[in-house]
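# Examination of the molecular architecture
Each chain is listed here by its residues.
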Amino acid sequence: MSTIEVTNLSKSYGDVTALDDVSFTIPDGEFVVVLGQSGAGKSTLLRCLNGITRPTSGSITIDDANVMGPRNDVAMIFQQHYILGQMSAYSNALTGALGRTSFLGSLLGMYDGDDKQEALRALETVGLLDEANQRAGKMSGGQQQRVGIARALVQNPNLLLADEPVASLDPASAETVMRYIRDAADERDLTTIASLHQVNIAREFGERFIGMKDGQIVFDGYREDFNVDVIDRIYGDIETEAIREEQTDEPPENNAAATSGARSHEY
Amino acid sequence: MSTDTDRIEDALRNIQIAKRVRLLFSIVVLVLFAWFFTNALSEVGFSIGEIVEYWPEFTDALGDFFPPGTLFGVIPFVDVSQYWAFIQERNLLLQFQDGNPVLGAVFVTFAMGFAGTVLGIPGALILGVLGSERVTPYPFNFIFRGTMSVIRAIPALVWALIYIPLGGVSPFTATLAIGTDTMGNLGRLFTDALEEVEDGPIEAIESTGANSPQKVVFGMLSQVFTPFIAWTMYILEINVRIGVTMGLIGGGGLGQVLQTQRGLFRYTNMMATILVIFMLVVSVEFVSQRVRSYIRGNEEGTSLLKLIVEFPQRMARSIWE
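What you see is a predicted model, and the numbers here were worked out from it, not measured in a lab.

### Remarks on the UniProt feature "domain: ABC transmembrane type-1" (unreviewed entry) in chain B
Under the UniProt annotation, the feature "domain: ABC transmembrane type-1" (unreviewed entry) is placed at residues 106–288 of chain B. The distance separating the terminal C-alpha atoms of residues 106–288 of chain B is 17 Å; by composition the span is 84% helix and 0% strand.

### Things to note about the pairing of strand β1 (residues 4–13) of chain A
Residue and element names in this part refer to chain A. Where β1 and strand β2 (residues 16–26) come together, seven bridges link them in antiparallel fashion. Residue pairing for β2: V6 is matched across the bridge by F24. The hairpin turn running from β1 into β2, its antiparallel successor, is two residues long, and G14 in that turn takes a positive phi close to 60°.

### Notes on the UniProt feature "transmembrane region" (unreviewed entry) in chain B
Residues and elements named next belong to chain B. Per the UniProt record, "transmembrane region" (unreviewed entry) is found at residues 21–38, 102–130, 242–258 and 264–287. Along residues 21–38 the backbone is 100% helical and 0% strand, and the end-to-end C-alpha distance reaches 26 Å. A helix fraction of 88% and a strand fraction of 0% characterise residues 264–287, whose end C-alpha atoms lie 35 Å from each other.

### Quick word on the sheet that holds strand β8 (residues 191–196) of chain A
Residues and elements named next belong to chain A. One open sheet accounts for six strands, arranged β6-β7-β8-β3-β9-β10; its pairing is mixed. At either margin of the open sheet sits one strand with a lone partner, and together these are β6 (74–77) and β10 (216–222). Going from strand to strand, the sheet's axes swing by 15° on average, the running direction of each strand aside. On the sheet, helix α6 (residues 171–188) packs against β3 (31–36), β7 (159–163) and β8 and is oriented at approximately 165° with respect to β8.

### Observations regarding the sheet that holds β2 of chain A
All names here are of chain A. With antiparallel pairing, the four strands of this open sheet are ordered in space as β2-β1-β4-β5. The open sheet has two edge strands, β2 and β5 (65–66), and neither has a second partner. Bridge analysis of β1 against strand β4 (residues 57–62) gives five bridges, and the strand direction is antiparallel. Pairing of V6 across the sheet is with I60, part of β4.

### Some thoughts on the packing of helix α6 (residues 156–167) of chain B against helix α7 (residues 171–195) of chain B
How two helices sit against one another is set out by the angle between their axes and by the gap between those axes. Residue and element names in this part refer to chain B. Running from amino to carboxyl end, α6 crosses α7 at an angle of 130°, the nearest separation of the two axes being 8 Å. In terms of their interaxial angle, α6 and α7 are classed as oblique. Along this stretch, α6 crosses α7, giving a crossing that reads as right-handed. Contacts from A156, W159, A160, Y163, I164, L166 and G167 of α6 reach α7 at F172, T173, A174, L176, A177, I178, T180 and D181. Each residue belonging to the contact of α6 with α7 can be placed in one class, and the counts come to 11 nonpolar, three polar and one charged.

### Focus: the domain arrangement of chain B
Think of interface size as the accessible area that goes away when the parts come together; that is how it is often given. Along its sequence, chain B is organised into domain 1 (2–46) and domain 2 (105–320). Each of domain 1 of chain B and domain 2 of chain B has a C-alpha centre, and the two are 44 Å apart.

### What about the interface of chain B and chain A?
Each partner contributes to the interface: chain B provides 19 residues, whereas chain A provides 21 residues. Only α8 (199–207), α9 (212–220) and α10 (225–248) of chain B provide two or more residues apiece to the side of chain B that touches chain A. The dominant element in the side of chain B that touches chain A, judged by the number of residues it contributes, is α8 of chain B, at seven residues. Considering only residue class, the side of chain B that touches chain A consists of eight nonpolar, nine polar and two charged.

Cut-offs and rules
- Per-chain numbering applies: the sequence of each chain, read as written, is numbered from 1 onward.
- Labels are handed out in written order, letters beginning with A for the chains and numbers beginning with 1 for the ligands.
- In keeping with the model being predicted, local features are shown solely for residues with a pLDDT of at least 70 and side-chain atom pairs are shown and tallied solely at 80 or more, while totals for entire chains, interfaces and linings include all residues.
- UniProt positions are given in the numbering used here, feature names are shortened, and annotations may be inferred rather than shown by experiment.
- Runs of H or I in DSSP of at least four residues are treated as helices and runs of E of at least two as strands, each being numbered from the N terminus.
- Following DSSP output, two strands are said to pair if at least two bridges run between them.
- Helix axes are fitted to C-alpha atoms over the stretch in contact, other axes to C-alpha atoms as well, and angles between N-to-C directions run from 0 to 180 degrees.
- The contact criterion used here is simple: two residues whose C-beta atoms, placed from the backbone, lie within 7 Å are in contact.
- With respect to orientation, any angle under 35 degrees is reported as roughly parallel, any angle over 145 as roughly antiparallel, any angle of 65 to 115 as roughly perpendicular, and every other angle as oblique.
- Helix crossings get a hand from a simple test, with the near helix turned counterclockwise from the far one by less than a right angle marking a left-handed crossing and a clockwise turn marking a right-handed one.
- Side-chain classes follow a simple rule in which Ala, Val, Leu, Ile, Met, Phe, Trp, Tyr, Cys and Pro form the nonpolar group, Asp, Glu, Lys and Arg form the charged group, and the remainder, Gly included, forms the polar group.
- What fixes the domain bounds is an automatic or database domain assignment.

Take a look at the structure:
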C-alpha cells in the first residue's frame, strides 16, 4: 500500500549505463511486471527501489519518503531465493522480522510473539505451514522460493519487489510461485513490482507492464496495450512468431488459461 | 606450393627448437634437485652403512616389539598376553578397584585433546570471524589473521614448552598448549569457511533492514554452521593425536608411558602402548567422521578399514603439524 515515484533515475557501473533516466509513478496496490532482456536494467531498477544499490542520480520516493537504504517495509524476493539452507523454513521466514528486532533478541531467538505468528501466517499464505520445521536446504526449488516469499511477507512490507522470482524454476513451479506472489499481494493489498523473463507468465499475471531496453523504458502501459508489437519492441524480433500466430487464432485469455492448467502437476 | 612447404619446415624447426629448450631446462632442474637432495642427506648424516651395521639390533628389537607366541596353542602369532599384561599393570585403559572405576592413561590423553579443543573454540571463533575480510575491512582483518598465523607458526609441542613455567610439566600445560594451537588452526579454518560464504543470502538479510551484527550472524554464520561443526570435529581428531605426542615431553597420558618404556628399552611394553594409542585415535576419528557425515547430510563416511590403514601417516603428521 504505497505510491512509488521514480524520477530521472540513472545508475552506471563505470562505463556501463545500467539505468538511463528512468521515470514512472506507481499508484497504490498495483501489480507491475517489468520486462526486458538480460542486462536491460531490470535488476538494477529493483535493487535501487530496495535501497541495496545506490543510484548514480535521480530519486525514488515511497509515500513521499526518499529511499536511502534497505528498509524493513520494502521486501525483496530474489531469483536464487537466497534463503539460508541450514535453517528451517520457519526460522528463514522469521529473518524477515530482523529489522524490528534487537541484535541480542534475534541472537537468542527472542522475537516478538506477533512476529512468530506472522511468520507462520506467511508460511500458510505460501502453502508451507506443514513444512515449517523442515530444513530449507532440503526443500525443492519451488518450495525454497516460497520460503523466500514468506520471508518477504514477514517484513510486513508496503512494497513487494521480486527480481525474476521464477527464472530458475520449471514452468509448473513458476506458475505456482507466481500465483502465491499475486495472491499474497491481493490479500495484503501490496504494491508489487516483479521483473520477469517469460512473456507468457507476464501476460497471465501482470496488471501493468514496464518494458525496458538498454536501461531505458520503452513501454509503460496496462494489459490492453500490451500486445505483440510491444513485445517486439522490448525483445527485438525473437520468439514472438509463435505468440503472434496464437493471437490470430484465439484471444490471449484462453491461452493463459491453458498454460495455468500445468499448475496442478507440481505438488 | 613451395612457400607452403617452407612454412611447414619452419614450423617443424620451431617445434624442434622448443623441444630442445624444454629438454635442457628439464636437465637443469633435475641436476639442481639431485644436488639439493644429496646435500640434505649429508646434512642429516644419512648413511647406509649405519643401517647395515645396526640391522641385527633392529631385528632383535622387532622380536621384542612383536613377542612370538601362538594362537590357540597352534598357529604361530604375536604373544598378545604380554601386551595385555602391561596394559593392565600400568592401567592404560580402565580398572576397577572396590567396584570404583579408575580411569587409565588413555583417558588422560583424550581429556587433553578434548578439553584443549573446547578451550580453544571461543578464541578460534573470535579470531576466525574477525579475520574474515567480509567482517573486518581489508587492512584491519590482518591483525587477526596475523595473530592466527603467529600461533600456527609455533607447533603445539613448542607451545607446551613455552607454558611450562605456568603449569609445570603436566597434562594441564599440555591442555593449555592444545587450546592455544586450536585458536590458530581452527580459527584459520573458520576464516576460510567464511570466505566461501555466498553473497546472495547476506544481501537478502540486508534487504530486510537488518543491522550489521545481524547481517554477520544470520547472513554469514548461519551459512557456515555445518562446516564449523565439521572443522571442530576435525581439529578434535588432530588434538587427540597431539595429546599423545605431548606425553613424549612429559605431558602425561599414553605418550608419557611410551616415552618411559622406550627409555627402559621395553619394546614389548612400547608396542602395547602403541596399540592403545591406535585404538584411541581410530575410535575418535571414527566417531568424528560419523558425526561429520551425519551433519553434512548422510554422505558416506570413511570406512573403518581406511581409518586403520591410514593411521600411521596421520599420526606422523600430528607431530609436526
